[in-house]
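Take a look at the letters that make up each chain.
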Amino acid sequence: MRTSGPLDAEAILSATEEVLRRHGPAKATVVDVGKALGVSHAAVYKHFPSKTALREAVSRRWLNRDRDALAAISRDPAVAPPQRLRSWLVALLAAKRAKAHDDPELFAAYKILVTEDSTAAVDHVADLLGQLEAILADGMADGSFRGADPAGTARAVFTATTHFHHPGLASGWTAPGIEHELDVVCTLILEGLAGR
């Protein structure tokens, strides 16, 4: 229950996260969010025009929590691009696995958005591709990687590692040996990029 202060988008998003955790994405309603805040659902709709818009905003905020850590790995000039690429892919799996395990209700809401081609999901993937592209561009510039199309190569690497980050495949992220499997895939990708 909101105790004081103006009703703003951040307060609504925080309350929505709690409602989603309590009721799950299938049962959570805007009325529930309003009740949690001590306001009518109409007050919530003044900030977010629909339940879908609210769910998009919550998912975007939730997805962005790991963004800075991954972006820092992708742009770290002190680490050679091949190691950066491996570290980034390992960190991506760890972040996705933590989200699925630690916050299953919000992860379920995100999975719904992925199937709906939401802007939050599309923007999240575009951001991840941009980070991969930065690593690959650095590697192509310093000769670690062959090729001249960092964007196309980023899409290929992202597709090749789908098993380790696509929310529809989350059940496999806790399988025994998943880290070793990712390590093998990373080695194959890095050898291919180096032209070995």
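Starting from 1, residues in each chain are numbered consecutively following that chain's sequence as written. In keeping with the model being predicted, local features are shown solely for residues with a pLDDT of at least 70 and side-chain atom pairs are shown and tallied solely at 80 or more, while totals for entire chains, interfaces and linings include all residues. Hydrogen atoms and water are omitted, and side-chain values are computed over all heavy atoms in the structure.

Can you tell me about the pattern of salt bridges, naming the residues and giving the values?
Side chains bearing opposite charge may pair, as long as their charged atoms lie close to each other. The salt bridge criterion pairs a side-chain nitrogen of Lys or Arg with a carboxyl oxygen of Asp or Glu, the two atoms within 4 Å. Tallied over the full model, the rule gives 13 salt bridges. In this structure, Glu 10 and Arg 61 form a salt bridge, with 2.7 Å as the shortest nitrogen-oxygen distance. On the criterion of sequence distance, the pair formed by Glu 10 in helix H1 (residues 9–23) and Arg 61 in helix H4 (residues 51–64) is long-range, its members being 51 residues apart. Throughout, exposure labels follow a simple rule: accessible area from a 1.4 Å probe, protein chains only, divided by the maximum for the residue type, with under 20% read as buried, over 50% as exposed, and the rest as partly exposed. For Glu 10, a relative accessible area of 47% translates into the label partly exposed. We note a salt bridge from Glu 179 to Arg 97, for which the minimum N-O separation is 2.9 Å. Pair noted here: Glu 179 is in helix H10 (residues 178–194) and Arg 97 is in helix H6 (residues 81–102), with a separation of 82 residues, a long-range link. By relative accessible area, Glu 179 is classed as partly exposed at 47%. Residue class for Arg 97 comes out partly exposed when judged on its relative accessible area of 22%. Under the scheme used here, helices are H or I runs from DSSP no shorter than 4 residues and strands are E runs no shorter than 2 residues, and both carry numbers assigned from the N terminus.

Describe in detail H4, supporting the description with residues and values.
Multiplying 1.5 Å by the residue count of a helix minus one yields the expected span of that helix. Over its 14 residues, H4 extends 20 Å from the first C-alpha to the last, a length consistent with the 20 Å expected when each residue adds 1.5 Å. Of the positions making up H4, those classed as buried are Leu 54, Arg 55, Glu 56, Ala 57, Val 58, Ser 59, Arg 61, Trp 62 and Leu 63.

Any chance you could break down the nonpolar core for me, citing the residues and the numbers?
In terms of nonpolar packing, the biggest core is built from 53 residues, with Leu 54 and Leu 85 touching the most fellow members. Setting aside chain neighbours within four positions, we find Leu 54 in contact with Ile 12, Leu 13, Thr 16, Val 30, Val 33, Val 44 and Phe 48. Nonpolar cores are built from buried Ala, Val, Leu, Ile, Met, Phe, Trp, Tyr and Cys residues. Side-chain atoms within 4.5 Å join them into one set. What makes two residues a contact is simply this: any of their non-hydrogen atoms within 4.5 Å.

Which residues make up the environment of Phe 48, and what are the values?
One can find Phe 48 in the loop between helix H3 (41–45) and H4. Here the alpha-carbon distance between Phe 48 and Ala 9, two residues 39 residues apart in the chain, equals 8.1 Å. Contacts of Phe 48, omitting those with residues within four sequence positions, involve Ala 9, Ile 12, Leu 13, Ala 53, Leu 54 and Ala 57.

For the packing of aromatic side chains, give the residues involved together with the corresponding values.
Two rings from Phe, Tyr or Trp (for Trp, the six-membered ring) form a pair when their centres sit within 6.5 Å of each other. Planes less than 30 degrees apart are called stacked, planes more than 60 degrees apart edge-to-face, and all others tilted. Taken as a whole and assessed by the stated rule, the structure comprises two aromatic pairs. A centroid spacing of 6.3 Å and a plane angle of 70° characterise the contact between Trp 62 and Phe 107, whose relative ring orientation is edge-to-face. Taken together, the positions of Trp 62 in helix H4 and Phe 107 in helix H7 (residues 104–115) put the pair 45 residues apart, joining distant regions of the chain. Measuring from ring centre to ring centre gives 5.8 Å for Phe 107 and Trp 173, while their planes differ by 75°; the resulting arrangement is edge-to-face. Note that Phe 107 is positioned in helix H7 and Trp 173 in the loop between helix H9 (150–160) and H10, a separation of 66 residues in sequence. Looking at Phe 107, the relative accessible area reads 5%, which means it is buried. Aromatic ring contacts, followed pair by pair, group Trp 62, Phe 107 and Trp 173 into a single cluster. Its end group placed over the ring of Trp 62, Lys 99 keeps NZ or CZ at 4.2 Å from the ring centre. In this analysis the charged atom, NZ for Lys or CZ for Arg, is taken to sit over a ring once it is within 6 Å of the ring centre and within 35 degrees of the ring normal.

Requested: an account of the side chain of His 165, with residues and values cited.
Its place among the elements puts His 165 in the loop between H9 and H10. A distance of 3.3 Å separates the side chain of His 165 from the backbone oxygen of Thr 161, its partner in a polar contact. Ignoring any residue separated from it by four or fewer positions in sequence, one finds His 165 in contact with Leu 92, Lys 96, Phe 158 and Trp 173. We define a polar contact as two N or O atoms separated by no more than 3.5 Å, with the added condition that, inside protein, one atom must be a possible hydrogen donor and the other a possible acceptor, whereas residues neighbouring each other in sequence contribute only through side-chain atom pairs.

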